[in-house]
There are 2 protein chains.
Amino acid sequence: MSYSGVINKYLEYLPFTEGVRPVTLLEGNTPLIEADNLRDELKAPCKIFLKFEGANPTGSFKDRGMTVAITEAVHRNAEAVICASTGNTSASAAAYAAKAGLQAFVILPKGKIAVGKLAQALIYGAKVIEIDGNFDDALRIVREIGEKTNVVIVNSINPFRIEGQKTASFEILETLGSSPTHHSLPVGNAGNITAYWKGYKEWASKKHSSLPKMLGFQAEGSAPIFHGKIIEHPETVATAIRIGNPASWKLAVQALDESKGQINIVTDSEILEAQRVIARTEGIFCEPASASSVAGLRNLLNKRYFTGKDVVVCTLTGNGLKDPDTASRGITPPLTAAPSLSEVLNLMNLN
Amino acid sequence: MSYSGVINKYLEYLPFTEGVRPVTLLEGNTPLIEADNLRDELKAPCKIFLKFEGANPTGSFKDRGMTVAITEAVHRNAEAVICASTGNTSASAAAYAAKAGLQAFVILPKGKIAVGKLAQALIYGAKVIEIDGNFDDALRIVREIGEKTNVVIVNSINPFRIEGQKTASFEILETLGSSPTHHSLPVGNAGNITAYWKGYKEWASKKHSSLPKMLGFQAEGSAPIFHGKIIEHPETVATAIRIGNPASWKLAVQALDESKGQINIVTDSEILEAQRVIARTEGIFCEPASASSVAGLRNLLNKRYFTGKDVVVCTLTGNGLKDPDTASRGITPPLTAAPSLSEVLNLMNLN
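Every value quoted in this text rests on a predicted model; they were computed, and no experiment measured them. (Residues numbered from 1 in each chain as written. Chains lettered and ligands numbered in written order. Predicted model: local features only at pLDDT ≥ 70, side-chain atom pairs only at ≥ 80, totals over all residues. Heavy atoms only, no water.)

A. How the structure looks around the pairing of strand β8 (residues 213–219) of chain B. All names here are of chain B. With respect to burial, β8 is a largely interior element, 6 of its 7 residues being buried. Here 5 bridges tie strand β7 (residues 182–186) to β8, and the two strands are oriented parallel to one another. Each bridged residue has a counterpart across the sheet, and for histidine 182 the counterpart in β8 is lysine 213. Since β7 and β8 lie parallel, the crossover through helix α9 (residues 191–207) that links them has a hand, and here it is right-handed. For β8 and strand β9 (residues 262–266), the ladder comprises 5 bridges, and the chain directions are parallel. Across the sheet, the residue bridging to glycine 216 is isoleucine 263, located in β9. (Buried < 20%, exposed > 50% of the residue type's maximum accessible area, 1.4 Å probe, protein only. Helix = DSSP H or I, 4+ residues; strand = E, 2+ residues; numbered from the N terminus. Pairing = 2+ DSSP bridges. Right-handed = clockwise from strand over helix to strand, strands pointing away.)

Shown next as structure tokens:
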């Protein structure tokens, strides 16, 4: 049978019963790429695989959780769905709500977000309401609406999101035929590292696979878990992980502890450099936040953390096309030549 | 075995032998989505499926042809690859060249293209050379370089591109279990409609499947095949099909004739409206050019062209994230409210 999305594929691991009608855009089934060029570039002794979640329908891993959250919302006859998010979550929520025939609402603090950042959610038909207040006000109102109406919250406090996101672990286990020894991830709201670990554990309990060490990387200016305290004004070029008080903080720490992994920080320049290296060696254009998984890997390689027996998977959480401007900052501008063969050949500088 | 790209999957249909080492980013294997919401919206009697090629690694169908072209270039020890393209082709060429460890060159007329449009090719490491001349000068120099050096041209004059692109037909045939009755496509350089038809015919000759009617749609201001003459200054908001003298003109006409299909035109406003309808009903954000396949379908539905027995596949050639600005023009801006539950609920206008 042809592929029909993560709910049908992994139904036995999800909180649905046979006969559920998934709201799916055929998310999941994303490439796991053996990154030999990157391994050479980083002089790594271990194998490196990249899980490219940017290939999902709306361009990020959020789609795995959203198919589950929206399917569940339909199941309980939600009137609409709502979230307070500016980026990948609102895009994914809007797309899956559209497919479900539900209205999506996005609540935001006024004037904080450029409309361009919201283009994706808007084109999918989400209604965006800006309030005269800050992000906490927006979240408070979203929670109140979730309590007092039949509108379902699809922010990360919705537990069905993590259920869907864990399916990425299953795909990796199936493709590799066994668990990697290490799994490296960007950490923002910390839902994804929580979800991957849940996935690895559930698979292990059913199929007796081994477990990887979880490696989490936060941006230097936005590293509440690493520092063990809420960051009031988080800053990083990697907007998808610019979060000062992660929703899944405790569960992420548990994943790191149980797996004997570690959390660490990477600088913005390490992130942007990693983004370029991934693009130039492997032909994969990921979001800045995604590249923190490889930036962190590189730092650990410099500390000789890995051996030749290790197999490391890095998740690239989102598509670089979501934020081409940030990536463009560090790139070489075009050269100019007269329209003559010799001049162009000269600039090409062939051996 | 896990999915390993279109060359391994469809080797018997491609000009390679066993043992070829594909340069792959795991392109292909893209979603074919049954578009029931769109069918309802368009009041269509037939089934409609959307083949979302925006899920490919660089965000367009070009990756299918590029894996074949770059693999062949490596096979004959190319020193580098080169193209004169501003959009999806240069992005795809740059990505696959990066994976192959080859330098990619992009030759362009100076000042005609915003650097932002090239961000994707540049981040993958392509070298861009702008010449003081027009697009014909750029193409002439590319051809000369292809003749006089060991640099391989990966523009659409490279026949291996079409070989790879035809694999999209195979995926559709496998997923549906039979041929659709009609296949609707945007037509620019006309390589894709040529490739799909080649794919359908080759599958039919091996597996005795039936053949679809090919339906091609050009933008009104850029419709050389429809009008039967070269358009000196093609214009359309759908930049990916803004082509006045298609490379695969004759083969496209042959595909239309052999399949008893038709070529037609769609206006820019029909294209943009179709782009919004696809996003709002199916949760899929495609490039403007892609939407011409659905805009054309809509026009034919209005003429009662289809019956209840028909199965129509529309190819959505590229990811909307490649050009969010065009899509943003027609969307509703955010509303504003005080930070109070009642005000927000009022704006949400729930039933």
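B. The arrangement of helix α6 (residues 135–148) of chain A in detail. Residues and elements named next belong to chain A. Its 14 residues place the ends of α6 20 Å apart at the C-alpha level, agreeing with the 20 Å of an ideal helix rising 1.5 Å per residue. Among all positions in α6, only Ala138, Ile141, Val142 and Ile145 are buried. The arc that holds the buried residues of α6, viewed along the axis, is 100°, so those residues lie on one side. Exposed and oriented more than 90 degrees from the buried face of α6 are Asp136, Glu147 and Lys148. For α6, the N-terminal cap is asparagine 134; the gap from its side-chain oxygen to the backbone nitrogen of aspartate 136 is 3.1 Å. (Expected span 1.5 Å × (residues − 1). Arc of directions from axis to C-beta. Polar contact = N/O pair within 3.5 Å; in protein donor to acceptor, adjacent residues only side chain to side chain.)

C. Spotlight on the pattern of salt bridges. Residue and element names in this part refer to chain B. Applying the stated criterion across every chain yields a total of 33 salt bridges over all chains. The partner of glutamate 171 in a salt bridge is lysine 51, and the shortest N-O contact between them spans 2.7 Å. Taken together, the residues span a long stretch of sequence, with glutamate 171 in helix α8 (residues 167–176) and lysine 51 in strand β2 (residues 47–52) at a distance of 120 residues. Pair check on accessibility: glutamate 171 and lysine 51 agree, each one buried. (Salt bridge = Lys/Arg side-chain N within 4 Å of Asp/Glu carboxyl O.)

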